[in-house]
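Read off the chains here:
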Amino acid sequence: MARAKQLMDSELLAMCDDITRHPEIGFKETRAVEQLTSYLKKHNFDVTIGVASLPTAFVARWKGNRGAPNLGVILEYDALRGTQGPFHGDQHSAQGPIGMAAAIAMAEYLERSHAPGSVVVFGTPGEEMMPPVAKTDMHKAGVFAGMDVIIRSHAVSSTNRPAPGFGTCCLNIDGVKYIFSGAPAHQMTPWAGRNALEAVIHLFNNIDTMRGTMRPEARVQGVITEGGSAPNVVPDRAVADFYIRYPDAVYLAQEREMVDNAARAAALATGTKVKIDNYGQDRDGISEAALNELGFAYMKRYSATNVTETYGKPQGFEETGSVSSDIPGLEIVSQTSTAANHTYEMETDALAEIGHHGFLVDAQAMTAVLFDFATHADYRAAVKHEFEGIKLLFGEYQDALKKVYTVPKVPDPR
């Protein structure tokens, strides 16, 4: 833990600041990736860039790796897309340096002690390109295979931990684009064309009409990303991008069908055609007390501020749920800002004392959890046992929900 602090104080807090001042949006984080991977190479890690066909994703393996336990560390580095340009309103600029401090400190400990164990660092791009597909694509490609535990950090305005169980930070999400195709015409003779923008407007109206028969926890939120180029030409192409959300994936399937049908109805009403592109999704992950409580205790030991003792809602350690529903893990979240996430104020705090203090707490707490996991076989067994138990309960819960969310039977008109 002292070594993690030394790395942060001597070099890595400065790297946090530099990445903050040079924000790059998801899948274009070339400068940040160069900084992070160069630093890992200097500290005895072999680096492979471009894993899972993602140019800014990478895997770095400590050259001294010697089998289990396999310790994984997730780094993030993408900025938010803002109206004034990219900005680090979620402080992902610090997640890379924090994770590297923990990974390098643990690798050096294993080297000194000749203890068994491996350290692998995962560079995961585009977390803010919601719903994020990078970790899901990496998981499907087997990038995380073999890990016994995975850990990462994230910016928050209060030090906390989730309750054990299953869930996600931002509800289960289907990311869907509705792409309408019409026919162009002069606006003086609009009957000669078919208006794709009108179809998108109908889609929004149809969704608003259906909200009354959706369960109250449903969220359907969209923007028009394309709507024509000139007011004197009937728009022959229009696109709406939606996040369709629900607390569980079972009812989400019904909600999604309703929205898809709203798009088909809009196309039918306007004489256009629609393509439905489900480009990404988030699903529930698993959180467990064995990891969360230990991480929370270490955050407090290393002087985390604004500590919230009550549990947050259960959620996996990474936002897609794909990794955290298959591999045990932990998200370290000590206070690094007084502002809410996705704000310019949080970016400002990344460069201030409150951010630097929180980043240092995160690095030390991450290292401490990894140290305990690596050096206590009984603790590893407890983590695995709890994870497998919650995963079994999650399957039973999904099956039970299918019996609850019945679809009303609508008779034929007479």
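Right above here is the structure, for reference.
Fair warning: this is a prediction, and the values are worked out from it, not measured in the lab.

### Structural notes on the environment of Thr168
Within the fold, Thr168 resides in the loop between strand S6 (165-167) and strand S7 (172-181). With 118 residues separating them along the chain, Thr168 and Ile286 place their C-alpha atoms 8.3 Å apart. Beyond its immediate sequence surroundings of up to four residues, Thr168 is in contact with Arg283, Asp284, Lys313, Pro314, Gln315 and Glu319.

### Notes on the pairing of strand S2 (residues 58-62)
Among the five residues that make up S2, four are buried, leaving the element largely enclosed by the rest of the structure. Judged from the five bridges that link them, strand S1 (residues 45-49) and S2 form a sheet pairing that is antiparallel. Bridging from a neighbouring strand, Phe45 pairs with Trp62 of S2. In the sheet, S2 pairs with strand S4 (residues 118-123) via four bridges, with the strands oriented antiparallel. Directly across from Phe58, in S4, lies its bridge partner Gly123.

### Thoughts on the pattern of salt bridges
Opposite charge on two side chains permits them to pair, given that their charged atoms come into close proximity. Scanning the entire structure with this criterion turns up 19 salt bridges. Its salt-bridge partner being Glu319, residue Arg152 comes within 3.2 Å of it at the nearest N-O pair. Placement of the pair is Arg152 in strand S5 (residues 149-153) and Glu319 in the loop between helix H7 (289-301) and strand S12 (329-332), with a sequence separation of 167 residues. Exposure class is identical for Arg152 and Glu319. Each is buried. Each of Glu76, Lys135, Arg152, Glu319 and Glu331 takes part in a single network of salt bridges with overlapping partners.

### Thoughts on the nonpolar core
Counting residues in hydrophobic clusters, the biggest one holds 60 residues, and the most contacted among them are Met8, Phe45, Met100 and Val119. Judged by nonpolar contacts, the second largest core, of 27 residues, contains Ala196, Leu203, Met210 and Tyr405.

### So, the packing of aromatic side chains
One pass over the full model with this rule turns up 13 aromatic pairs. Seen from their ring centres, Phe58 and Tyr77 are 6.0 Å apart, and the 15° between their planes marks the pair as stacked. With Phe58 in strand S2 and Tyr77 in the loop between strand S3 (70-75) and helix H3 (92-113), the pair connects residues that are 19 residues apart, well separated along the chain. Both residues of the pair, Phe58 and Tyr77, count as buried. With 4.7 Å between their ring centres and 55° between their planes, Phe122 and Phe144 make a pair best called tilted. One end of the pair, Phe122, is in strand S4; the other, Phe144, is in the loop between helix H4 (134-140) and S5, with 22 residues separating them in the sequence. Residue class for Phe122 comes out buried when judged on its relative accessible area of 0%. Looking at Arg161, its charged tip hangs above the ring of Phe296, at a distance of 4.1 Å from the centre. A cation over an aromatic ring shows up here: Arg215 above the ring of Tyr251, its NZ or CZ 5.8 Å from the ring centre.

Rules used in this analysis
Residues numbered from 1 in each chain as written. Predicted model: local features only at pLDDT ≥ 70, side-chain atom pairs only at ≥ 80, totals over all residues. Heavy atoms only, no water. Helix = DSSP H or I, 4+ residues; strand = E, 2+ residues; numbered from the N terminus. Contact = heavy atoms within 4.5 Å. Buried < 20%, exposed > 50% of the residue type's maximum accessible area, 1.4 Å probe, protein only. Pairing = 2+ DSSP bridges. Salt bridge = Lys/Arg side-chain N within 4 Å of Asp/Glu carboxyl O. Core = buried A, V, L, I, M, F, W, Y, C linked by side-chain atoms within 4.5 Å. Phe/Tyr/Trp six-rings, centres within 6.5 Å; stacked < 30°, edge-to-face > 60°. Lys NZ or Arg CZ within 6 Å of the ring centre and 35° of its normal.

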